Structure formats: C-alpha cells, structure tokens
Amino acid sequence: GNVNVERLITMLHVKDEQLVVEFKGIYSVEKFIMARRFMYWQVYLHKTGIVAEKVMIKILERARELIKNGDKVECSKTLKVFLETEIDEDQFDRDKLDAFSRLDDYDVMSALKSWCEHKDQILSYLCDSLVNRRLPKIEMRSEDFDEQYIEKIRKQVKKKLQLNERELDFLVYHGSVENKAYNPDKEVINILYKNDEQKDIINASDSASIKALSMTVRKYFLCYPKKLL
C-alpha cells in the first residue's frame, strides 16, 4: 500500500485543461493502481468488513420494519427521523439535511446497545452480533453460490430458530461485491510524452497487469449465523 505521493504530485501537469502525468512517473502510477487493488480486497472489501456492514444494514431495515408495524423502537430523535420517514431524493429537503448532519456514531451505537435488549428476537440478535463482535459466518467465492446450497442453509437456520420466511431474510442472505482498480470510463489517467502525445495508462504501460486491473473483479458472499449450523 505504500505509494510515493510526493513523486506523483511532482509528475502532474495540466495539458489541454486535463490533468496528466509525465511519462517518467509511469511506474509510480502503476504502483499506485496496484496498491489500490490490494487495499480494496485486503482492507475496504475484507470479508469481516463486508459482513459487519451487511449486519448494520439488516439492523436498520428491521428497525424500520418494526416501527412501520407499530412496534416501539427507542432511539435518538435524530436517528428516528430516518427510521420513521420514507426519504427519497425529492423529499431530502433542508430539514432532512440538517438532521443528517447531526447524525453521528453516538446515535447509532447507543441505539444498537439499547436494541440488544429489544423484545424482537431478530433485532436483538443482530444488534448483539454487531456490538459484541459475534458476527455471522461469511463465505466468499469467485462464482455465485448454488441455489440448493443456499436453500439448505436457510432450512437449517429456519428450523433451529423457528422463523418465518421474512424473518429468515435477516439472518441468511447473499450478494456480491465488485472492484475495478482502474476504471478508464470514469477516471482516465493520461500519460504525457515528451512529444506532447498522450496515452491512457493502459496503452502506455508495458505491464500486462495494468490491463487486468482495469477489468471488474466480482466476488460473491453468503452470510448466516455462525453457531446455529
């Protein structure tokens, strides 16, 4: 993950109102792209981070569902704004923006700790998992999971906890994450030659790995309770 940032900055130029990198900085750019790939798959998209994020999403979904059904879910007024209200782009007015700016970790963590004791077993289980770092098991593969395998796990968890299909969706779920270390469609890195010619880093580099890093890598995940199977 180490990148010589100072060298990259000194190699930057503006050409035709576009930011470009001087040719002699091409290897620093290659190293930067490689570092980005490692950081995404080893840190940002690490499986522990993925499952923790998914649990947090499931918690908020369950809390919103309970409130919608008339159940009492205690939390701060700031957080309650986003749990009780259906908000889309058209409804995100100044008041909602002010509420969002006041929302912080304290609102969320205090709610999670409180919900660990909630009467709803799904909400309390999810909150306990996150607060006490008892995260679900996560499997990750390069290919999508077989539907029969997913259904087998769903049936086992459903039987153990006596859940209905809707409740089961909060404890057994799957999806995918993807990453492209270099996306020329959104963030072109042009290399400037001495003759003022410009080439995209993919065409300028003699490293085959840079071309490979411009391709989307997708991984599939399956999450389910660790100690229930």
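Description of the structure in this document.

Basis of the calculations
Residues numbered from 1 in each chain as written. Predicted model: local features only at pLDDT ≥ 70, side-chain atom pairs only at ≥ 80, totals over all residues. Heavy atoms only, no water. Salt bridge = Lys/Arg side-chain N within 4 Å of Asp/Glu carboxyl O. Patch = residues over 30% accessible without salt bridge, like charges linked within 9 Å, V, L, I, M, F, W, Y side chains within 5 Å. Areas by Shrake-Rupley, 256 points an atom, 1.4 Å probe, with all protein chains shown as cover. Helix = DSSP H or I, 4+ residues; strand = E, 2+ residues; numbered from the N terminus. Buried < 20%, exposed > 50% of the residue type's maximum accessible area, 1.4 Å probe, protein only. Core = buried A, V, L, I, M, F, W, Y, C linked by side-chain atoms within 4.5 Å. Contact = heavy atoms within 4.5 Å. Pairing = 2+ DSSP bridges. Axes fitted to C-alpha atoms, helices over the stretch in contact; angles between N-to-C directions. Parallel < 35°, antiparallel > 145°, perpendicular 65-115°, else oblique. Left-handed = near helix turned anticlockwise from the far one by under 90°. Nonpolar A, V, L, I, M, F, W, Y, C, P; charged D, E, K, R; others polar. Phe/Tyr/Trp six-rings, centres within 6.5 Å; stacked < 30°, edge-to-face > 60°. Lys NZ or Arg CZ within 6 Å of the ring centre and 35° of its normal.

1. Details of the pattern of salt bridges
Right, on to step 1. As enumerated under the stated definition, the model contains 17 salt bridges in all.
Right, on to step 2. Through salt bridges with shared partners, one network takes in Arg62, Glu65, Asp120, Arg154, Lys158, Glu165, Arg166 and Asp169.

2. Quick notes on a nonpolar patch on the surface
Right, on to step 1. Residues Val5, Ile9, Leu12, Val14 and Leu19 make up a contiguous nonpolar surface patch of roughly 490 Å² in combined accessible area.
Right, on to step 2. When contributions to the nonpolar patch are tallied by element, the ones reaching two or more residues are α1 (5–10) and β1 (12–15).
Right, on to step 3. Position of Val5 among the secondary structure elements: in helix α1.
Right, on to step 4. The exposure class assigned to Val5 is partly exposed, which follows from its relative accessible area of 48%.

3. So, the nonpolar core
Side chains of nonpolar character tend, in soluble globular proteins, to be buried together.
Right, on to step 1. The biggest cluster of nonpolar side chains holds 40 residues, and the ones touching the most others in it are Ile59 and Trp115.
Right, on to step 2. Mapped by element, the contributors of at least two residues to this core are α3 (47–68), α4 (77–84), α6 (105–115), α7 (121–131), α8 (147–161), β4 (173–179) and β7 (217–224).
Right, on to step 3. The element contributing the most residues to this core is α3, with 8 residues.
Right, on to step 4. Those residues in contact with Trp115 that sit more than four places away from it in its chain are Ile59, Ala63, Val73, Glu74, Cys75, Leu79, Leu83, Leu123, Ser124 and Cys127.
Right, on to step 5. Core analysis: the next-biggest nonpolar cluster, separate from the first, contains 15 residues, Ile189, Ile191, Ile201 and Leu213 among them.

4. Side note on the sheet that holds β7
Backbone-to-backbone hydrogen bonds pair the strands of a sheet. The strands run either parallel or antiparallel.
Right, on to step 1. One open sheet holds the 3 strands; their spatial order is β3-β7-β4, and the pairing between them is antiparallel. Where the open sheet ends on each side, the last strands, each with one partner, are β3 (137–141) and β4. If you compare each strand with its neighbour and ignore which way they point, the axes differ by 25° on average.
Right, on to step 2. Pairing between β4 and β7: 7 bridges, direction antiparallel. Following the sheet pairing, Glu178 is matched in β7 by Arg218.
Right, on to step 3. Packed on one face of the sheet, helix α2 (residues 26–44) meets β4 and β7 and runs near 160° to β4.
Right, on to step 4. Lying on the sheet, α3 is in contact with β3, β4 and β7; it crosses β3 at an angle near 120°.

5. Focus: the sheet that holds β1
Right, on to step 1. The strand order across the open sheet built from 4 strands is β1-β2-β5-β6, with neighbouring strands paired in mixed fashion. The two strands at the open ends of the sheet, each matched to only one other strand, are β1 and β6 (198–200). Averaged over all pairs of adjacent strands, the angle between strand axes in this sheet comes to 45°, irrespective of strand direction.
Right, on to step 2. Pairing analysis gives 3 bridges linking strand β5 (residues 190–192) to β6, with the strands arranged antiparallel. Directly across from Ile191, in β6, lies its bridge partner Lys199.

6. Things to note about the packing of α3 against α7
Right, on to step 1. Relative orientation of the contacting elements α3 and α7 amounts to 150°, with a least axis distance of 9 Å. Overall, the two elements α3 and α7 adopt an arrangement that is roughly antiparallel. Handedness of the crossing formed by α3 with α7: left-handed. Across from Ala52, Val55, Met56, Lys58, Ile59, Arg62, Ala63 and Leu66 in α3, the residues of α7 making contact are Ile122, Leu123, Leu126, Cys127 and Leu130.
Right, on to step 2. A class-by-class count of the residues in the contact of α3 with α7 yields 11 nonpolar, no polar and 2 charged.

7. Some words on the packing of aromatic side chains
Right, on to step 1. Enumeration over the complete set of coordinates arrives at 4 aromatic pairs.
Right, on to step 2. Each ring, one from Phe82 and one from Phe100, has its centre 6.1 Å from the other, and the planes form 75°; the classification is edge-to-face. Of this pair, Phe82 sits in helix α4 while Phe100 is found in helix α5 (residues 94–102), placing the two residues 18 residues apart along the sequence.
Right, on to step 3. You can call Phe82 buried: its relative accessible area is 17%.
Right, on to step 4. Directly above the ring of Tyr149 sits Arg141, whose terminal nitrogen or CZ lies 5.2 Å from the centroid.

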